[in-house]
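# Report on the structure
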Amino acid sequence: MDAADFRRHGHALVDWIAEYLEHPGKYPVLSRATPGDIVAALPAGAPEEGESFEAIVADFERILVPGLTHWNHPGFLAYFPITGSAPGVLAEFLAAALNQQAMLWRTSPAATELEEVALGWLRRLIGLPDAFEGVIYDTASTSTLHALVAARQAAVDDVRARGLAGRPDVPPLRVYCSEQAHSSIDKAVMAIGLGLESLRKIPIDEEFRLRVDALKAAIAEDRAAGRLPIAVVATVGTTATTSIDPVGEIAEVCAAESLWLHVDAAYGGMAAMLPSHAHVLKGADRADSLVVNPHKWLFTPVDLSAFYTRRMDAIRAAFALTPAYLQTTETAPVKNLMDTGFQLGRRFRALKLWMILRSFGARAIRRHLSRHIAIARSFGAWVDAHPDFERVAPVPLSVVCFRWNPSVPAGSGLPPEGLDDANERLVDAVNSTGEVFLTHTRLRGRIAIRLAVGHLDTTEAHVRRAWELLVSCAAGAARA
Ligand SMILES: *Cc1c(COP(=O)(O)O)cnc(C)c1O
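Here we summarise the structure given alongside this text. (Residues numbered from 1 in each chain as written. Predicted model: local features only at pLDDT ≥ 70, side-chain atom pairs only at ≥ 80, totals over all residues. Heavy atoms only, no water.)

## Re the overall build of the protein
Looking only at helices and strands, one finds 15 helices and eleven strands in the protein. Taking 480 residues into account, the globule formula puts the C-alpha radius of gyration at 23 Å, and the protein, at 24 Å, falls close to it. Put simply, of all contacts in the protein between residues at least 6 apart along the chain, 72% involve residues at least 24 apart. Carbon and sulfur atoms make up 56% of the accessible area of the protein, which amounts to about 21800 Å² in all. (Helix = DSSP H or I, 4+ residues; strand = E, 2+ residues; numbered from the N terminus. Rg over C-alpha atoms; globule rule 2.2 N^0.38 Å. Contact = heavy atoms within 4.5 Å. Areas by Shrake-Rupley, 256 points an atom, 1.4 Å probe, with all protein chains shown as cover.)

## As for the packing of helix 6 (residues 140-155) against helix 8 (residues 183-191)
For the pair helix 6 and helix 8, interaxial distance at closest approach is 9 Å and the crossing angle is 50°. Judged by the inter-axis angle, helix 6 sits oblique to helix 8. Helix 6 and helix 8 meet at a crossing whose hand is right-handed. Contact with helix 6, carried on its side by Ser141, Thr144, Leu145 and Leu148, involves Ser184, Ile185, Ala188, Val189 and Ala191 of helix 8 and no other residues of that element. Taken together, the residues of the contact of helix 6 with helix 8 sort by class into six nonpolar, three polar and no charged. (Axes fitted to C-alpha atoms, helices over the stretch in contact; angles between N-to-C directions. Parallel < 35°, antiparallel > 145°, perpendicular 65-115°, else oblique. Left-handed = near helix turned anticlockwise from the far one by under 90°. Nonpolar A, V, L, I, M, F, W, Y, C, P; charged D, E, K, R; others polar.)

## Quick look at the pairing of strand 9 (residues 399-404)
By the criterion of burial, strand 9 is predominantly enclosed, with six of the six residues buried. Side chains Val399, Cys401 and Arg403 project from strand 9 onto one buried face, and the interleaved Val400, Phe402 and Trp404 project onto a second face that is buried too. In the sheet, strand 8 (residues 389-391) pairs with strand 9 via three bridges, with the strands oriented antiparallel. Pairing of arginine 391 across the sheet is with phenylalanine 402, part of strand 9. Bridge count for strand 9 against strand 11 (residues 446-452) is four bridges, and the pairing is antiparallel. (Buried < 20%, exposed > 50% of the residue type's maximum accessible area, 1.4 Å probe, protein only. Pairing = 2+ DSSP bridges.)

## Considerations on the site of the ligand
Lining the immediate environment of the ligand, one finds 13 residues, of which Ala140, Ser141, Asp264, Asn293 and Lys296 sit closest. At a separation of 2.6 Å, a nitrogen atom of the ligand approaches a polar side-chain atom of aspartate 264. Coverage of the ligand by the protein amounts to 87% of the 390 Å² it exposes when considered alone. Listed by contribution, the elements that provide at least two residues to the shell around the ligand are helix 6 and helix 11 (294-297). Residues that form the shell around the ligand fall into these classes: three nonpolar, eight polar and two charged. (Near = heavy atom within 4 Å. Polar contact = N/O pair within 3.5 Å; in protein donor to acceptor, adjacent residues only side chain to side chain.)

## Looking at unusual backbone geometry
The omega torsion across valine 302 and aspartate 303 is 5°, close enough to zero to call that bond cis. With respect to the helices, strands and loops of the structure, aspartate 303 is situated in the loop between helix 11 and strand 7 (305-309). Residue phenylalanine 299 is not a glycine yet carries a positive backbone phi of 60°. By the secondary structure assignment, phenylalanine 299 is in the loop between helix 11 and strand 7. Among the residues examined, phenylalanine 299 registers a relative accessible area of 0% and is labelled buried.

## Points about the sheet that holds strand 9
Across the sheet, four strands lie side by side as 8-9-11-10; this open sheet has antiparallel pairing. Edge positions in the open sheet fall to strand 8 and strand 10 (439-443), since each of these has one partner strand only. The mean angle between the axes of side-by-side strands here comes to 40°, regardless of whether they run parallel or antiparallel. Sheet strands touched by helix 13 (residues 350-385): strand 8, strand 9 and strand 11. Its angle to strand 9, the strand with the most contacts, is close to 20°.

## Regarding the nonpolar core
Ranked by size, the top nonpolar core spans 104 residues in total, and within it Leu122 and Leu261 carry the most contacts. Leave out the neighbours within four places in its chain, and leucine 261 touches Val232, Ala234, Val247, Ile250, Ala251, Cys254, Ala287, Asp288 and Ser289. Core analysis: the next-biggest nonpolar cluster, separate from the first, contains 26 residues, Val400, Trp404, Leu426 and Ala474 among them. (Core = buried A, V, L, I, M, F, W, Y, C linked by side-chain atoms within 4.5 Å.)

## Overview of the packing of helix 4 (residues 86-98) against helix 13
Their axes nearest at 8 Å, the elements helix 4 and helix 13 cross at an angle of 150°. As helix 4 runs across helix 13, the sense of the crossing is right-handed. Residue-level inspection shows Pro87, Gly88, Ala91, Glu92, Leu94, Ala95 and Leu98 of helix 4 in contact with helix 13, the latter providing Leu351, Lys352, Met355, Ile356, Ser359 and Phe360. When grouped by side-chain class, the residues that make up the contact of helix 4 with helix 13 number nine nonpolar, two polar and two charged.

Set out below in structure tokens:
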């Protein structure tokens, strides 16, 4: 593709994207594709001769667009909504063109140093002390894996050289998190050789927060049994209900027990930018590490996860390894980003974080976050006021967990299993309209519907529409 063609196709694609971002609501939010549709529509092999870009874009529209679930749709109220904001999209475009590979400072001084600057800005916005050094990874799953590798590095003598297997001097290790913690913690302990049995899930209180008394008891029990506790993962904004673990109290326990404290604030940490919600990260200044995801609630296209730690030395001790061909003469304070993680190659993610923070400015970011929280509160109030719906968890941030539970005369009510099925059918019915997309979760063994507000374009009107659909589909189900 020569420069003239690049300009022509580039402009056409920018027009397509602008139209798409302007009218994301014209598509059904949840793709209506059935399994295998996309594969069946495409040839089994790559073409021998290159094809025109027009033909490729035409197939993109014809075959791939119907297979998209529109995370950019303002009616996307499932999981945690994310936004590929316009400044972030432009930054991705530019980053692809620049194709920086920032493994060493010299292979991209700009990407290396901008990462430090942009992460410093974000750190101050969420109120973490400057002692926390940052690095960008792809996802919170990867960030948490690195945190647990660092914890293992700090706790187990010479683990880098000797590993864990066949060592009589290394007792079974233990990591703690609440029953509501994210599955990425389970995956991390599996991947780093601790095994799932090393992960102890601590019971929760009535508001879905880790119970510190139970944590203390579990640690004492494990020590008495000859196991070695190494880390606690506290969650700020759990995935199901956005509950916030008592990080300060957990930090006390970790200090007393010499355990690594990692805070998983993938979604909830952003709320600390708001004076009204700064408390969500209270105590996190005492953590060893923390993850917060700009690709979740900071309008950044996937992927970009910000990992902060006061002990980057432990990360470096675990991962720094320089083969001869990567040796350079630059010395500290020059950083080589390949030393602070598992990956060698890494792309220029800092560019989009920097462009987003500058383009929005902190004031607009705070306004959107508080708007999302206010919309979720309104929705929670509608649920509370309706006789046939009930809220099943507090609403500390921008997610509401609730369910349909029609008030029927005592003794003639639906059995609990029937109610679970009815709520699952209700979610399916609402989603089949294509106007909104909600998901469900299981809380204390029962199905709960989950409505999450987080897309930049979502307004109270979209959530109002979701509520109308829920009420009317539930009324239809009750009549059926
Ligand atoms: C979304 C989420 C994760 C996983 O995030 P990825 O970036 O997709 O790995 C981890 N923890 C919490 C609390 C989350 O909400």
